[in-house]
There are 2 protein chains.
Amino acid sequence: MERFDEQTDKATTPEKAPPKRRPGGRTSRTRARVLDAVRMELAEHGYDGLSLDGVAARAGVHRATVYRRWRDVGGLLADVLEATGGDDWEPEDTGSLLGDLIVLNRENLGAMTAQPSMAAALIAASFRSEEAARGLRRLWEDRYTRCEVIVRRAVARSELPAGTDARRLLVAATAPLYHQLVLLRTPPDPDLPEQAARTAVLAATAGAFTPGPSATSV
Amino acid sequence: MERFDEQTDKATTPEKAPPKRRPGGRTSRTRARVLDAVRMELAEHGYDGLSLDGVAARAGVHRATVYRRWRDVGGLLADVLEATGGDDWEPEDTGSLLGDLIVLNRENLGAMTAQPSMAAALIAASFRSEEAARGLRRLWEDRYTRCEVIVRRAVARSELPAGTDARRLLVAATAPLYHQLVLLRTPPDPDLPEQAARTAVLAATAGAFTPGPSATSV
């Protein structure tokens, strides 16, 4: 979710089969330049402004190379998302569940409201390209998995009961912000990161994310 | 949010200035047929399959009429959304806050997972057409405003304290479902409507949506 706006390619994609290419070598530098160009073109012009020719020109890379390696706009977007997922992002450890969730939501708000916003552009692109949609789904999954440590730390501090469903808590804490910005398209609310985090913590403390006898039917 | 899938045009748009057209007359029937055709074309083929010619053919209406009245695809989508906003939808009154929110979430899940889903198609279209985005924003606003009665009833039953922020509670209750379906693109979870409703009720009961001394800073 956060750090969609990652500007550097760390080239951490595992390269199976003994590569002639050195990590950090020419191929890796080409990829970094091309992906940077995709990010900039997408953020500035949106999906409709994205073309292999435009990316090749901006990156200063041969058109033939871009066509051979990435095939089409979907291939470029999928690789941008894969590169983002290969970074070393981790949620910040503030020492409290509430603090961790507030910082996470503030990062997400910042990424979504940056001008231009890579995160917002990639979400929009995911409604155009199946490859981008698949890549984005993997990236969300990766980010939420990394964020589960927030809940594990809270359990270790006895802030939350063992057995708390980390994913559900994290979705409850983060969904309102995306809902308002991406779907409802309301103006960014600077209080929302803290409000949504606090709401999730109150619900968690009241047992909303643990299986229990409170699951009465209606 | 719900009843995107409205299939009939109730022709409730106020017609100012003494109309030669009778409500329910020929113009109104033409609009109903055209909007039904837009809904079906959009749900079946998506935004890219939507054209004024295709809509005119499906509706059995002269192309010239469609071009004159709706101009372009954005105009068609905006009118579909306006017609949806003109219905008489109200949230169900189950007698409890939890019950009302569960029913609301189940309606939303049903609308989003219908095959084909008008709601999902309109959300996707809102990333393509500025007019659709504006129309959808108005529709969300209208739906959330109508849902505020759920919170007023809960306050009247003393389930919630007066001063509860209805909009924030409703967003907390409904956002996780849209987040998972539209952004995370996880498979529909039949337990989520109840879980998300219960989470919002627990948070509300714990004071998450009332201004108060709990607003300590971090």
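Residues numbered from 1 in each chain as written. Chains lettered and ligands numbered in written order. Predicted model: local features only at pLDDT ≥ 70, side-chain atom pairs only at ≥ 80, totals over all residues. Heavy atoms only, no water.

## Examining the overall build of chain A
Along its length, chain A carries nine helices and zero strands. Expressed as a percentage of its 218 residues, the buried residues of chain A come to 50%. Here the analysis covers contacts within chain A between residues at least 6 apart in sequence; of these, 69% occur between residues at least 24 apart. As presented, chain A carries roughly 10,000 Å² of accessible surface, and 52% of it is formed by carbon and sulfur atoms. (Helix = DSSP H or I, 4+ residues; strand = E, 2+ residues; numbered from the N terminus. Buried < 20%, exposed > 50% of the residue type's maximum accessible area, 1.4 Å probe, protein only. Contact = heavy atoms within 4.5 Å. Areas by Shrake-Rupley, 256 points an atom, 1.4 Å probe, with all protein chains shown as cover.)

## Points about the environment of Gly46(B)
In this fold, Gly46(B) is placed in the loop between helix H1 (26-45) and helix H2 (52-59). C-alpha separation for the pair Gly46(B) and Ala121(B), spaced 75 residues apart in sequence, amounts to 6.1 Å.

## Looking at the relation of the copies chain B and chain A
To go from the first copy of the chain to the second, apply a rotation about an axis and then a shift along the same axis. Of the two same-sequence chains, chain B is brought onto chain A (RMSD 0.0 Å, axial shift 0.0 Å) by a rotation of 180°. Taken together, these values place the two copies in the relation of a two-fold axis. It is Ala203(B) whose C-alpha, among those of chain B, lies nearest the rotation axis, at 2.2 Å. (Least-squares fit on C-alpha atoms with pLDDT ≥ 70 in both.)

## Re the interface of chain B and chain A
The interface is formed by 39 residues belonging to chain B together with 39 residues belonging to chain A. Both faces considered, chain B and chain A share a buried interface measuring about 3,400 Å² in area, 68% of it formed by carbon and sulfur atoms. The largest contributions to the chain B side of the interface with chain A come from Phe127(B), Leu183(B) and Arg185(B), which together make up 20% of the buried area. Along the contact surface separating chain B from chain A lie zero salt bridges. (Buried area = accessible area lost by both parts, 1.4 Å probe. Salt bridge = Lys/Arg side-chain N within 4 Å of Asp/Glu carboxyl O.)

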